[in-house]
Amino acid sequence: MKKNLLLTGMMGVGKSTIGKKLAKKLKFKFIDIDKIIEKKEKTTIKEIFDNKGEGYFRKIEKKISLDELKKNGSVIALGGGAFMNKSLRKKAKKSSVSFWLDINLHSLLIRLKNVKKRPLLDEDNLEESIKKIYSERKNIYNKSDFRIKCNSKNTDRIINKIITLYENSENKI
């Protein structure tokens, strides 16, 4: 049984983009937690935050993530804040090899500057809100098994690095 490969990190870092390609290369199923939530709730994450609040969102995010972590042989892209949940993180550490996709804040700002669907970002003060969220989460993201710097736009190199680390760690974690 192959352990899941879990991707965590800031919004906009490329968890979904890298995750899809990674799953295809490994012949794993790709699971995007945010997409599952939107499908089940029949609305966008931003609308869930606006209409039902962050607490409601985190509750369904935790439930869906825990359900998906029970499966094997999947590449799972968590939402940006999911790894902050201690019980979810504990389950992830048992069932998965986790990767923190990290990127410098300048590159993240460029990627997110025209995005309107991120509920936690203050569009009027984007740089400050990104810095605040990153500083609140980086120590938790760092509890992942591996940290991958994604400043390079070369996704193939990032994917190959993740695969090498995943395959070498499979029997050690």
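Up top is the structure these notes are about.
About the cut-offs
- Residues numbered from 1 in each chain as written.
- Predicted model: local features only at pLDDT ≥ 70, side-chain atom pairs only at ≥ 80, totals over all residues.
- Heavy atoms only, no water.
- Axes fitted to C-alpha atoms, helices over the stretch in contact; angles between N-to-C directions.
- Helix = DSSP H or I, 4+ residues; strand = E, 2+ residues; numbered from the N terminus.
- Left-handed = near helix turned anticlockwise from the far one by under 90°.
- Contact = heavy atoms within 4.5 Å.
- Pairing = 2+ DSSP bridges.
- Buried < 20%, exposed > 50% of the residue type's maximum accessible area, 1.4 Å probe, protein only.
- Expected span 1.5 Å × (residues − 1).
- Arc of directions from axis to C-beta.
- Polar contact = N/O pair within 3.5 Å; in protein donor to acceptor, adjacent residues only side chain to side chain.
- Phe/Tyr/Trp six-rings, centres within 6.5 Å; stacked < 30°, edge-to-face > 60°.
- Salt bridge = Lys/Arg side-chain N within 4 Å of Asp/Glu carboxyl O.

Trainee: Is there a simple way to think about the packing of helix α2 (residues 33-41) against helix α3 (residues 45-69) in this case?
Mentor: A pair of packed helices can be characterised by two numbers: the angle between their axes and the separation between those axes. Here α2 crosses α3 at 115°, and the two axes come no closer than 9 Å. Here α2 and α3 pass one another in a crossing that is right-handed. Where α2 abuts α3, its residues I33, D34, I36, I37, E38, K40 and E41 lie against I45, I48, K52, Y56, F57, I60, E61, I64, S65 and E68.

Trainee: Looking at this structure, I do not really get the sheet that holds strand β2 (residues 29-32). What am I missing?
Mentor: Adjacent strands of a sheet pair through backbone hydrogen bonds, lying either parallel or antiparallel. Strands sit in the order β2-β3-β1-β4-β5 across an open sheet of five strands; the sheet is parallel. Looking along the sheet, the strands with just one partner apiece sit at the ends: β2 and β5 (146-149). Neighbour-to-neighbour, the strand axes of the sheet open up by a mean angle of 20°, direction not taken into account. By the bridge criterion, four bridges tie β2 to strand β3 (residues 74-77) in an arrangement that is parallel. Bridge pairing in β3 links D32 to A77. Contacts from α2 reach β2 and β3 within the one sheet, and its direction differs from that of β2 by about 65°.

Trainee: Can you help me understand the pairing of strand β4 (residues 96-102) in this one?
Mentor: Within a regular beta strand, the side chains point alternately toward one face of the sheet and then the other, so they alternate between its two faces. Where burial is concerned, most of β4 is hidden: seven out of the seven residues are buried. Side chains S96, S98, W100 and D102 project from β4 onto one buried face, and the interleaved V97, F99 and L101 project onto a second face that is buried too. Pairing between strand β1 (residues 4-8) and β4: five bridges, direction parallel. Along β4, the bridge assignment pairs L6 with S98.

Trainee: Just checking my understanding: could you explain helix α7 (residues 155-169) for this structure?
Mentor: An α-helix turns once per 3.6 residues; consequently, residues spaced three or four apart project the same way. With 15 residues, α7 ought to run about 21 Å at 1.5 Å a step, and its terminal C-alpha atoms sit 21 Å apart, in line with that. For α7, the complete set of buried residues consists of T155, I158, I159, I162, I163, Y166 and S169. Buried residues of α7, viewed axially, fall in a sector of 140°; they line one side. The distance from a side-chain oxygen at the start of α7 to the backbone nitrogen of D156 is 3.2 Å, and the residue carrying that oxygen is N154.

Trainee: Help me out: how do you make sense of the packing of aromatic side chains in this one?
Mentor: Where two aromatic rings form a pair, the distance of their centres and the angle of their planes describe that pair. Taken as a whole and assessed by the stated rule, the structure comprises four aromatic pairs. Relative to F57, the ring of F49 has its centre 5.0 Å away and its plane inclined at 40°; by these criteria the two rings are tilted. The pair formed by F49 and F57 is uniform in burial state, with each residue classed as buried. An angle of 40° between the planes, with centres 5.7 Å apart, marks the rings of W100 and Y141 as tilted. Placement of W100 in strand β4 and of Y141 in helix α6 (residues 126-141) is noted, with a sequence separation of 41 residues between them. Take W100: its relative accessible area is 2%, and that puts it in the buried class. Overall, the relative accessible area of 0% leaves Y141 in the buried class.

Trainee: How should the pairing of β3 be read in this particular structure?
Mentor: With burial as the criterion, each face of β3 is covered, one bearing S74 and I76 and the other bearing V75 and A77. As paired strands, β1 and β3 are joined by three bridges and run parallel to one another. Considered in β3, the bridge of L7 is made with A77.

Trainee: Can you help me understand the pattern of salt bridges in this one?
Mentor: Close approach of charged atoms allows side chains with opposite charge to pair. Using the criterion set out here, one finds ten salt bridges in the structure. K52 is paired through a salt bridge with E41; the nearest N and O atoms lie 3.5 Å apart. Remark: E41 occurs in helix α2 and K52 occurs in helix α3; sequence separation between them is eleven residues. D102 is the partner of R147 in a salt bridge, and the nearest nitrogen-oxygen pair spans 2.5 Å. You can see R147 sitting in strand β5 and its partner D102 sitting in strand β4, a full 45 residues away along the chain. Each of E54, R58 and E61 takes part in a single network of salt bridges with overlapping partners.

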